[in-house]
Amino acid sequence: MRGQKPVVVAAAVAASLCLAAGTAAAGDGWSPRPGSDGAGDSYYPQDGNGGYDVAAYDLKVTYDPASHQLTGKQDITARATQPLSAFDLDLHGLTVDSVQVDGRAATFTRTGDHELVITPSRALWRGQNFRVTVAYHGVPAPIQDPALGANGWQYAKAGGAFVAGEPKSATTWYPVNDTPLDKATFRLAITVPDEWGVIANGRERGTVKAPGGGTTHVWAEETPVVPYMTTVAIDKWTFDRRQRADGTPIVNAFAPGVPDSAKQAEARLPEILDFLESKFGPYPIDAAGSIFLNEQIGFSLETMSRPIYSAGWAGTVPTIVHENAHQWYGDSVAVSHWRDVCLNECFASYAEWLWDEAKEGVDLDKQYTEKVKKASTAFWNGKLYDMGPGHEFTYVYSKGPLMLHALRHYIGQQAFGFVLKTWPSLHRDGNASMQQFQRYTELAAHRSLQGFFDAWVYGTGKPAGQYLFPGSLGSAA
């Protein structure tokens, strides 16, 4: 926080004291009450929960690929943001065996399709740090979304398993506060039979023989992570380990049957990360790498530090560029609400354009003009903001990069490059909205951009000529 003048600070303190006194008099700030059972996203209002903020997940899991049986113990370190008589976690399916809060047994119930309601033996006060331990077991199953397909824990044909899904997936295998607004560090110790390998987010912290048989693999993601960006994948992997020039570890895992072409594309990851740093600023994550499945799952996903790739078309350089661009736009800086998802996908898609411009000599102005001329009425009516639940992942991939290329010409290369590189650092490890991005871009451009954003982002229909062919794009039209 930037420094404030003493008089401003004094006024703020006085106002806060008056507010606190009024709150205390009303009793609202001191009486424990249940936390909300949703984080309030307009698309997925029941996902996530209120009343607390998670600092760290420490998950211990035993998994048997033969029976698909998972046994877990989740330790959550959190801080109450209000007086709490009860609070919720999110968990799909699976059987909860016991819950403790600060080492004392807590009562719990299950409601809806994913709410785990916990009542501690003693109320929690605002600002109190506390620890929740949940023991559970069962056979994980993915969430079947009619628009988005399978999300979460999924099974590989060869007998292994993996976790991938957006906007939700973590709830299928561990209790969590499932909202992008509550980032936390994530440590996983998973025990599997000796013949199976494991890869997950972050850095490898070792493997040990488990007392009851099998091998325990430990991974730790020290960069605060949104729950859907966590993953684990179990298979008979071929591993490739190396480092970036700055020492950042790169760990790649290839499932049996992954073609050499995918390995050759992934070999360019250090070059790709160096290029993305030149556009977006310092790499914001503590590890890097990839997980290449031999499964057709219909998408690849920017799981933090280690994107997960579908079989087939996904093992290409453009896809690797896209998913790693998300480490800046989407992972380090996550959305405030799902209506803001263009801040993830429009930018990762435009990163592919930037790569083609720099590495393949593609004339982006010509490419832009050709795509604009071919665009249909349906294309122009596709939304880049507040597109509705289940429609988040549509025009952001096609109309999104066109919007950003037009913005580049509308505000000029210098301002555009400045915004691309400084925005991720400004909001590192946080969340942001499209309105915040607009205001920041206006500061860089030294003028209002409301007309441009209304034409391209908030509205529908073909933008007017001044926004469609700004600057030198006009001569290419």
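Residues numbered from 1 in each chain as written. Predicted model: local features only at pLDDT ≥ 70, side-chain atom pairs only at ≥ 80, totals over all residues. Heavy atoms only, no water.

**Remarks on the packing of aromatic side chains**
Worth spelling out the cut-off: Only the six-membered ring of Trp is used, alongside the rings of Phe and Tyr, when aromatic pairs are assigned; centres must lie within 6.5 Å, and planes under 30 degrees apart are stacked while those over 60 apart are edge-to-face, with the rest tilted. Numbered from the N terminus, helices here are DSSP runs of H or I no shorter than four residues, and strands are runs of E no shorter than two. With a 1.4 Å probe rolled over the protein chains alone, any residue whose accessible area is under 20% of its type maximum counts as buried; one over 50% counts as exposed, and the rest are partly exposed. Here, a charge over a ring is recorded when the distance from Lys NZ or Arg CZ to the ring centre is within 6 Å and its angle to the ring normal is within 35 degrees.
Within the structure shown, the criterion is met by 37 aromatic pairs. A ring pair is formed by Phe-87 and Phe-130, whose centres lie 5.5 Å apart and whose planes are at 55°; its orientation type is tilted. With Phe-87 in strand β4 (residues 84-90) and Phe-130 in strand β9 (residues 129-138), the pair connects residues that are 43 residues apart, well separated along the chain. Take Phe-87 and Phe-130: they sit in the same class, and that class is buried. Between Phe-452 and Phe-453, the aromatic rings sit 6.0 Å apart at their centres with planes inclined by 70°, giving edge-to-face as the arrangement. With relative accessibility at 0%, the residue Phe-453 sits in the buried group. Of note, Lys-263 hangs over the ring of Phe-254, and the distance from its end group to the ring centre comes to 5.7 Å. The ring of Tyr-410 carries the charged tip of Arg-447 above its face, separated from the ring centre by 4.4 Å.

**Points about the side chain of Arg-306**
Test applied: Two N or O atoms count as a polar contact when they lie within 3.5 Å, although within protein this holds only if one can serve as hydrogen donor and the other as acceptor, and sequence-adjacent residues are included solely when both atoms are side-chain atoms. What makes two residues a contact is simply this: any of their non-hydrogen atoms within 4.5 Å.
For Arg-306, the position within the fold is in the loop between β20 (288-292) and β21 (308-309). Within the structure, the side chain of Arg-306 is placed 2.9 Å from the backbone oxygen of Gly-202, a separation counted as a polar contact. In this structure, Arg-306 is in contact with Ile-199, Ala-200, Asn-201, Gly-202, Trp-219, Val-251, Ala-287, Ala-288, Gly-289, Ser-290 and Ile-291, ignoring residues within four places of it in sequence.

**Some details on the pairing of strand β12 (residues 161-164)**
Inclusion rule: Pairing between two strands requires that DSSP report at least two bridges joining them.
Across the two faces of β12 the burial is the same, with Ala-161 and Val-163 and Phe-162 and Ala-164 all buried. Note that strand β11 (residues 149-155) and β12 share four bridges and pair antiparallel. Within the sheet, the bridge partner assigned to Gln-154 lies in β12 and is Phe-162. In this antiparallel pair of consecutive strands, β11 and β12, the connection spans five residues, and Gly-159 shows a positive phi of 110°.

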